[in-house]
Amino acid sequence: IFGQAICACANLFVLCAPAEIASLWFPAKEQGKATAIALMSNYIGWGIPFPVEVAIMKHGGEVSDIVLIDAIAASIPFLLLLLFLRDRPKTPANKAATLPRPPILPDMKAMVKNKAFMVSSVIYGTALGVSYAVV
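**What to know about the overall build of the protein chain**
Move 1: When you go through the protein chain residue by residue, the secondary structure sums to seven helices and zero strands.
Move 2: Secondary structure of the protein chain in N-to-C order comes out as α-α-α-α-α-α-α.
Move 3: A globule of 135 residues ought to have a C-alpha radius of gyration of about 14 Å, yet the protein chain, at 18 Å, is considerably larger.
Move 4: By its C-alpha atoms, the protein chain is 55 × 40 × 25 Å across when sized along the principal axes.
Move 5: Expressed as a percentage of the 135 residues in the protein chain, the buried residues total 14%.
Move 6: Partitioning the intrachain contacts of the protein chain with sequence separation of at least 6 by distance along the chain shows that 64% fall at a separation of at least 24.
Move 7: When the accessible area of the protein chain is evaluated, it comes to approximately 10,400 Å², of which 75% is carbon and sulfur surface.

Next up, the structure:
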């Protein structure tokens, strides 16, 4: 259950990231496509390892081998992002990219105090955790 709670909390940010990135890096007419591609790549990233992992297990591999391969496969793009990704493009893609970013902490405090938000988070987190457990 603890892992499901962590997944639910992380997904509040992960699922919003594609739209945020698209608003900073793409012109208004391309933001929908960029967001859709980013969201779908998340699911493709979940699906690609399945046949590879099955093949590893059929050929006598261990679960530790799969965990190692997954860790390496996730670490490479992460390191590339750390090295090469800038906060914003050199030239703003649209007017929204030039606006100052409001602080997030006051909004997060307000969300935690909002009972409806917390109930929705628990429900979403439970559904997400169950779907992750099944997949």
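Further notes follow.
**A few points about the layout of surface pockets**
Move 1: The calculated volume of the largest pocket comes to roughly 680 Å³.
Move 2: Lining the largest pocket are 24 residues, and of these Cys9, Leu12, Phe13, Met111 and Phe117 sit closest to its centre.
Move 3: At the level of secondary structure, the elements contributing two or more residues to the lining of the largest pocket comprise helix 1 (2-14), helix 2 (17-25), helix 6 (105-113) and helix 7 (115-134).
Move 4: The class makeup of the residues in the lining of the largest pocket is 17 nonpolar, four polar and three charged.
Move 5: What the second largest pocket holds in volume is close to 380 Å³.
Move 6: What lines the second largest pocket is Ser41, Asn42, Gly45, Trp46, Asp70, Ala73, Ala74, Pro77, Phe78 and Leu81.
Move 7: Taken together, the elements giving at least two residues each to the lining of the second largest pocket come down to helix 3 (31-47) and helix 5 (63-84).
Move 8: If one sorts the elements of the lining of the second largest pocket by residue count, helix 5 sits on top with six residues.

Rules used in this analysis
- Residues numbered from 1 in each chain as written.
- Predicted model: local features only at pLDDT ≥ 70, side-chain atom pairs only at ≥ 80, totals over all residues.
- Heavy atoms only, no water.
- Helix = DSSP H or I, 4+ residues; strand = E, 2+ residues; numbered from the N terminus.
- Rg over C-alpha atoms; globule rule 2.2 N^0.38 Å.
- Buried < 20%, exposed > 50% of the residue type's maximum accessible area, 1.4 Å probe, protein only.
- Contact = heavy atoms within 4.5 Å.
- Areas by Shrake-Rupley, 256 points an atom, 1.4 Å probe, with all protein chains shown as cover.
- 1 Å grid on protein atoms, 1.4 Å probe; cavity = no way out; pocket = protein on both sides within 12 Å on 5 of 7 lines; lining within 4 Å.
- Points joined across faces, edges and corners; volume = space filled by probe spheres on them.
- Nonpolar A, V, L, I, M, F, W, Y, C, P; charged D, E, K, R; others polar.

Honestly, it's all geometry; don't read function into it.
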